[in-house]
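# Observations on chain architecture
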Amino acid sequence: ERKKIGSLAMMFFFILFNYTILRDTKDVLMVTAKGSGAEVIPFIKTYVNLPAAIGFTAVYSKLCDRMEQKDVFYACTIPFLIFFGLFAFAIFPNVGALHPHAFVDKIAMSLPKGFSAPLAIVRNWSFAVFYVMAEMWGSVVASLLFWSFANEVTTVDEAKRYYPLFGLGANVALIFSGQYVRFVSKMRAGLPPGVDPWGVSIKYLMGAVLASGGALVSIFSFMQRKVLTDPECVDQEKQMAKKKKTKVKMGLRDSAKFLMSSPYIRDLATLVISYGMCINLVEVSWKSKLKAAYPDPNSYSAFMGNFSSATGTVTLAMMLIGRKIFKKFGWKFAAMITPTTIGVTGLMFYALTLFAPFFAPIAASLGTTPLMLAVLVGAVQNILSKSSKYSLFDPCKEMAYIPLDSDSKTKGKAAVDVIGNPLGKSGGALIQQILIFGVGSLAAATPYLACILGVLLLFWYKAVDSLSVQFEEAMEESPEAA
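Below is a summary of the structure that appears in this document. All values derive from a computational prediction rather than experimental measurement.

Regarding its fold elements, the protein presents 18 helices and 0 strands. Residues counted as buried form 55% of the 482 residues belonging to the protein. Considering only residue pairs separated by 6 or more positions, the protein has 85% of its internal contacts joining residues 24 or more positions apart. A total of about 19,800 Å² of accessible surface is found on the protein, and carbon and sulfur atoms cover 68% of it.

Before going further, it helps to spend a moment on the pattern of salt bridges. Following the criterion strictly, the structure yields 12 salt bridges and no others. Among the ionic pairs, Glu283 bridges to Lys287, the shortest N-O distance being 4.0 Å. Taken together, the residues Glu283 and Lys287, both in helix H12 (residues 263-293) and 4 residues apart, mark about one turn of the helix. With respect to class, Glu283 is no different from Lys287; both count as buried. The partner of Asp465 in a salt bridge is Lys332, with the nearest N and O atoms 2.5 Å apart. Pair noted here: Asp465 is in helix H18 (residues 446-477) and Lys332 is in helix H14 (residues 331-354), with a separation of 133 residues, a long-range link. Residue Lys332 is classed as partly exposed on the basis of its relative accessible area of 35%. Residues participating in the shared-partner salt-bridge network are Lys26, Asp27, Lys45, Glu135, Glu283, Lys287 and Lys386.

Grouped together as the largest cluster of nonpolar side chains are 144 residues, with contacts concentrated most on Trp137, Phe166 and Met206. Once you skip the residues sitting within four places of it in the chain, Met206 turns out to touch Ile21, Leu22, Thr25, Phe84, Ala88 and Phe130.

A rise of 1.5 Å per residue sets the reference length of helix H7 (residues 125-153), with its 29 residues, at 42 Å; its end C-alpha atoms lie 40 Å apart and thus fit the reference within 8%. For H7, the principal kink sits at Met136 and spans about 30°. Most of H7 sits out of view: 25 of its 29 residues are buried.

Each value, and the rule that gives it
Residues numbered from 1 in each chain as written. Predicted model: local features only at pLDDT ≥ 70, side-chain atom pairs only at ≥ 80, totals over all residues. Heavy atoms only, no water. Helix = DSSP H or I, 4+ residues; strand = E, 2+ residues; numbered from the N terminus. Buried < 20%, exposed > 50% of the residue type's maximum accessible area, 1.4 Å probe, protein only. Contact = heavy atoms within 4.5 Å. Areas by Shrake-Rupley, 256 points an atom, 1.4 Å probe, with all protein chains shown as cover. Salt bridge = Lys/Arg side-chain N within 4 Å of Asp/Glu carboxyl O. Core = buried A, V, L, I, M, F, W, Y, C linked by side-chain atoms within 4.5 Å. Expected span 1.5 Å × (residues − 1). Bend = angle between axes of the 7 residues up to and from the residue.

Laid out in structure tokens, this is it:
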């Protein structure tokens, strides 16, 4: 059992090490690019990331029908690593020739100012592709591939004991990767004149991603050879039964109908979409203030490195507490903590934004400005929200898949995690776009965003309540999953 749990924890460590570096890098690239800013993020999530996620889900469904699960893992993971290597060593050094700034400038002259964000995606297209691939690493490799594999080889009883602890290694990765990003950011300051500091740092960052990705693939290969064949780690009869079971082949439309006919899957999708929408509503507003406070890519990147390390440290503490929460209070109580955390801290951030003049004397007494106070409160909001997600929301969600049949696990999980996650973020982004066009700016839309956040949280709570009943019933019907 230790061999199995230890290997899974190490896989999660390397996946989140990469995701932290990729997440911090994609934001710096896109937000600080020429003609770009935080207002570009909602457009990328809606018009680039979501279609890419839907396309991947169609491909993934076909792969699951035609290949064994271990081969699907390799077929999905390795292309990501190849792209990140190409971006660092071939694409980024040539962005001057690849990005059509002159062409976009001509188009921009004949279009209203409101088109500046979509045009920024076109003018910085390689950064937009990197942004989507970095986002997809989180939803595909972390949420889908890793947890699908973990759910296949773990019982619910093991999950309750160990899933909250998987994140211990993963959040040590957050701390390490955050400090690595910070180290690379500081290293740029010492480079000689004439050397592109971002070019050097991108190579160091993506080099670490490739090394970590290589370790991830090696551990997965080790588990296929040494863990899944060990009767003490995995029930061999169940494994053979899964391999012998004939796969039901369905097209994308049939898969969608199959999944949406299940209240269980719909509630899981509501959880994921609600999280994506709620976090996006607050996060984009925070990143616009972050760019105002740190317009230089070096300082922005250094701040994000410290932010990731702080997220890892807080999540580490919450992981230890999370195990006790599951044991003492159960699944439903644990699942309620993340929406409560996002609601309370999100409304605090919105209050600080709405009533900035009121908080100005308080900021002055603390030796800072209202802008920096908003940046810090927004950072605390993001840290607490993400730490509660990693330590409680993700384990709750993954436990809910274990009692399901094989098709619901694979295709249901692909639909919920790969489409649901970007659908939630793009849904939040679309709301922001509509409000920006309607009231003129993100700042003016703040009161409406706060109200919408409250409504989304109500749907989230309702889905948790419904799913908790279905989860208990599924456990009773499938005692072998325990």
